[in-house]
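Okay, here's what each chain looks like letter by letter:
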Number of protein chains: 2
Amino acid sequence: MSSRDSAPPGAARLPVTVDVVALTVADGALQVLLVTRLVEPFRGALALPGGFVLPGETLPQAAARELAEEAGVEPPGHLEQLRTYGPLGRDPRGPVLTVAHLLLAPAFGVLAAGSDAERAEWVRVDELAGRSLAFDHARILADGVERARAKLEYSTLATAFCGAEFTVAQLRAVYEAVWGTRLDPRNFHRKAISTPGFLEETGRVTRGGTGRPAVLYRLGPAAGRAAGLDPDDAPASVPAVLNPPLMRPSAP
Amino acid sequence: MSSRDSAPPGAARLPVTVDVVALTVADGALQVLLVTRLVEPFRGALALPGGFVLPGETLPQAAARELAEEAGVEPPGHLEQLRTYGPLGRDPRGPVLTVAHLLLAPAFGVLAAGSDAERAEWVRVDELAGRSLAFDHARILADGVERARAKLEYSTLATAFCGAEFTVAQLRAVYEAVWGTRLDPRNFHRKAISTPGFLEETGRVTRGGTGRPAVLYRLGPAAGRAAGLDPDDAPASVPAVLNPPLMRPSAP
DNA sequence: CGTCTTCGTGTCAACCTGACGATAAGGGGT
DNA sequence: ACCCCTTATCGTCAGGTTGACACGAAGACG
């Protein structure tokens with residue numbers, strides 16, 4: 001018998017949460033926003049920011065609200081859905097479905113925790129090896145990092161880690177931090193410049209830094225800018241303009 | 001205040017469904033399994049097979065059960081999660097969360113609908129242009145097809161459409177059907193053969209067909225075979241062994 | 001005015017792709 | 001047995017892309 005009847009007979013009504021893997025690049029390293037849990041279960045453990053979806057909320061809205069509550073700011077950057085986990089075997093209190101999201105953003109400061117808010121902080125991903133997270137958040141984080149690494153290969157998403165204007169060297173630093181590798185500056189420069197629609201010259205250059213000044217670019221027309229908090233968060237929102245892709249080096 | 005308390009205060013408990021984009025290649029075309037709805041809403045309309053998640057079920061279990069109920073068979077092939085579609089604005093009865101899945105399988109027969117079961121049938125994707133599906137299933141289907149097209153580029157998933165043993169020409173036919181393009185048989189053969197770990201010779205050849213007999217292959221060791229109904233459906237279950245990828249031709 | 005540092009351009013071999021010719025190996029008709 | 005048709009597999013070759021690396025450009029600093 002078909003089970004899409006108007007009144008689901010034995011259908012489960014599940015509590016639904018959103019968890020956010022918020023990544024940024026700072027100090028030359030990939031960092032993730034984590035909170036210290038103040039309540040059971042997993043009290044005192046590190047966890048991804050997140051919480052229950054409220055009635056009348058869309059998923060991106062819930063993700064943005066939780067980020068705002070726990071980091072204290074309206075986060076910029078690119079937000080996309082990552083994957084759904086559950087509902088069994090991931091919360092000791094019972095079945096819970098969680099829709100994980102991925103946020104790629106320029107470094108932004110987190111508000112010091114006020115009163116009962118969970119304390120949020122940036123943690124270097126490479127220093128999390130071995131440390132355990134609450135729930136199944138270690139796996140969700142691993143999936144998010146892998147998604148980010150893969151997306152840099154064939155999309156222009158690396159620019160989501162940069163500000164509005166950036167140099168080719170800053171963009172390269174993003175790739176190096178996310179992939180954990182070193183890239184040849186000259187070859188990277190050639191690929192970035194020669195990819196049509198990737199970078200758009202602003203006409204301005206950096207000033208005051210050490211070494212020769214660098215030309216400033218912004219994200220070119222080929223990429224759909226500002227996927228931001230698009231309520232209809234399209235999966236193909238970032239087109240694959242890097243064709244052929246910029247591949248991460250496999251073996252050293 | 002943090003909202004991951006043990007008793008969610010105003011947290012929504014949502015009905016959750018799974019919908020399955022089941023794709024196969026038959027008659028040289030990409031086809032999708034659709035059912036005709038027998039109940040409101042969208043009575044009489046075409047829809048993806050799917051239904052409510054039952055208590056105590058995992059998501060892949062629910063997807064497999066719905067497929068079995070509506071197609072009448074235990075489907076083989078590769079099942080993976082596609083994406084979750086938000087609770088708002090997609091079902092006239094109210095908020096419903098649906099976790100869409102993607103099944104890539106060799107052609108299998110669907111049981112003629114028994115009694116009250118919805119009638120399931122294979123429909124060519126290219127003949128669906130313009131026709132509308134129930135709920136937001138048109139968009140889910142589009143996302144699933146796009147995911148399948150993209151995955152063929154850098155993974156060995158095309159073999160999920162084939163049986164245990166197949167020829168290079170059959171594999172090429174899968175690419176041509178999914179991408180809707182023609183590929184040069186000689187260049188495709190070279191790429192498929194020269195990719196390490198992709199194909200493994202069985203030592204046997206086809207018999208009886210027209211033309212020169214072809215060598216039979218099976219999926220090589222580089223790919224994690226049988227992602228099937230893995231309860232812990234890993235997202236990175238299919239490694240990117242096609243490096244550099246096999247790119248679909250862009251513009252003629 | 002050197003020197004240091006980083007930015008940007010050029011060069012070159014190795015590799016990969018797309019286009020396409022050539023050969024191999026069956027089946028079917030005469 | 002032979003020709004012909006079809007499909008599979010192997011080669012060849014020009015053009016584009018990558019990785020490695022030399023070299024000039026342009027500011028900061030002593």
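Residues numbered from 1 in each chain as written. Chains lettered and ligands numbered in written order. Predicted model: local features only at pLDDT ≥ 70, side-chain atom pairs only at ≥ 80, totals over all residues. Heavy atoms only, no water.

Draft legend 1. Expanded view of the overall build of chain A. When you go through chain A residue by residue, the secondary structure sums to four helices and nine strands. Secondary structure elements of chain A, listed N to C terminal, follow the sequence β-β-β-β-α-β-β-β-α-α-α-β-β. Taking all 252 residues of chain A together, the buried fraction comes to 52%. For chain A, long-range pairs separated by at least 24 residues make up 67% of all intrachain contacts whose partners lie at least 6 apart in sequence. (Helix = DSSP H or I, 4+ residues; strand = E, 2+ residues; numbered from the N terminus. Buried < 20%, exposed > 50% of the residue type's maximum accessible area, 1.4 Å probe, protein only. Contact = heavy atoms within 4.5 Å.)

Draft legend 2. How the structure looks around the environment of Val 145 of chain B. Residues and elements named next belong to chain B. Structurally, Val 145 can be placed in helix H2 (residues 137-154). A sequence separation of 114 residues divides Val 145 from Gln 31, and the C-alpha atoms of the two residues are 9.9 Å apart. When neighbours within four sequence positions are excluded, Val 145 is seen to be in contact with Leu 23, Leu 30 and Val 125.

Draft legend 3. Representation of the packing of helix H3 (residues 168-179) of chain B against helix H4 (residues 185-194) of chain B. All names here are of chain B. It is at 10 Å that the axes of H3 and H4 come closest, and there the two elements cross at 105 degrees. As summarised for this structure, H3 and H4 are arranged roughly perpendicular, according to the angle between their axes. Contacts between H3 and H4 involve Val 168, Leu 171, Arg 172 and Tyr 175 on the former and, on the latter, Pro 185, Phe 188, His 189 and Ile 193. The residue inventory of the contact of H3 with H4, partitioned by class, reads six nonpolar, one polar and one charged. (Axes fitted to C-alpha atoms, helices over the stretch in contact; angles between N-to-C directions. Parallel < 35°, antiparallel > 145°, perpendicular 65-115°, else oblique. Nonpolar A, V, L, I, M, F, W, Y, C, P; charged D, E, K, R; others polar.)

Draft legend 4. Highlighting unusual backbone geometry. The amide bond that connects Gly 86 of chain A to the next residue, Pro 87 of chain A, takes the cis arrangement and shows omega of 0 degrees. Examined against the element boundaries, Pro 87 of chain A turns out to sit in the loop between strand E5 (78-85) and strand E6 (97-104). With an omega of -5 degrees, the peptide bond running from Glu 40 of chain B to Pro 41 of chain B counts as cis. Of note, Pro 41 of chain B is situated in the loop between strand E2 (29-36) and strand E3 (46-47). With a phi angle near 55 degrees, Asp 27 of chain B is a residue other than glycine that sits in the positive phi range. Examined against the element boundaries, Asp 27 of chain B turns out to sit in the loop between strand E1 (13-26) and E2. Unlike most non-glycine residues, Phe 42 of chain B shows phi in positive territory, near 65 degrees. Among the secondary structure elements, Phe 42 of chain B is positioned in the loop between E2 and E3.

Draft legend 5. Structural detail: the protein's contact with DNA strand C. Arg 186, Arg 212 and Val 215 of chain A together with Arg 186 and Arg 190 of chain B are the nearest of the 21 residues found near DNA strand C. Backbone atoms, meaning sugar plus phosphate, form 54% of the atoms of DNA strand C positioned within 4 Å of the protein. For DNA strand C, a base nitrogen lies 3.0 Å from a polar atom in the side chain of Asn 187 of chain B. Lys 191 of chain B is positioned such that a nitrogen or oxygen atom in its side chain is 2.9 Å from a phosphate oxygen of DNA strand C. When residues of the surface near DNA strand C are assigned to their parent elements, the largest contribution, four residues, is made by H4 of chain B. Classifying every residue of the surface near DNA strand C gives six nonpolar, six polar and nine charged. (Near = heavy atom within 4 Å. Polar contact = N/O pair within 3.5 Å; in protein donor to acceptor, adjacent residues only side chain to side chain.)

Draft legend 6. Summary view of helix H1 (residues 59-71) of chain B. Residues and elements named next belong to chain B. End to end, H1 covers 18 Å across 13 residues, agreeing with the expected 18 Å (1.5 Å per residue, within 8%). Judged by how many residues are buried, H1 sits mostly within the fold: ten of 13 residues are covered. For H1, every residue scored as buried is listed here: Leu 59, Pro 60, Ala 62, Ala 63, Ala 64, Arg 65, Glu 66, Leu 67, Glu 70 and Ala 71. A positive backbone phi angle near 85 degrees is found at Gly 72, which sits one or two residues after H1. (Expected span 1.5 Å × (residues − 1).)

Draft legend 7. Layout of the protein's contact with DNA strand D. Close to DNA strand D lie 21 residues, the nearest being Arg 186, Arg 190 and Lys 191 of chain A together with Arg 186 and Val 215 of chain B. The sugar-phosphate share of atoms of DNA strand D within 4 Å of the protein amounts to 53%. In the model, a base nitrogen of DNA strand D is placed 3.0 Å from a nitrogen or oxygen of the Asn 187 of chain A side chain. Arg 212 of chain B is positioned such that a nitrogen or oxygen atom in its side chain is 3.2 Å from a base nitrogen of DNA strand D. Contributing elements (two or more residues each) for the surface near DNA strand D: helix H4 (185-194) of chain A together with H3 and H4 of chain B. Element by element, the count of residues in the surface near DNA strand D is highest for H4 of chain A, at four residues.

Draft legend 8. Examining H3 of chain B more closely. Residue and element names in this part refer to chain B. The end-to-end C-alpha distance of H3 is 17 Å, a good match for the 16 Å that twelve residues give at a rise of 1.5 Å each. Along H3, nine of the twelve residues are buried, which leaves the element largely enclosed by surrounding structure. Listing the buried residues of H3 in full gives Val 168, Leu 171, Arg 172, Val 174, Tyr 175, Glu 176, Ala 177, Val 178 and Trp 179. Where H3 is buried, its residues touch E1, E2, H2, H4, strand E8 (199-205) and strand E9 (215-219). Once H3 finishes, Gly 180 follows within two positions and takes phi at roughly 70 degrees, a positive value.

Draft legend 9. Representation of the pattern of salt bridges in the model. The final tally for this structure, using the stated rule, is 36 salt bridges over all chains. Between Arg 248 of chain B and Glu 153 of chain B there is a salt bridge, with its nearest N and O atoms 3.1 Å apart. In this pair, Arg 248 of chain B is assigned in the segment after E9 and Glu 153 of chain B in helix H2, connecting sequence segments 95 residues apart. Residues joined by salt bridges that share partners form a network here, namely Glu 57, Arg 65, Glu 66 and Glu 69 of chain A. (Salt bridge = Lys/Arg side-chain N within 4 Å of Asp/Glu carboxyl O.)

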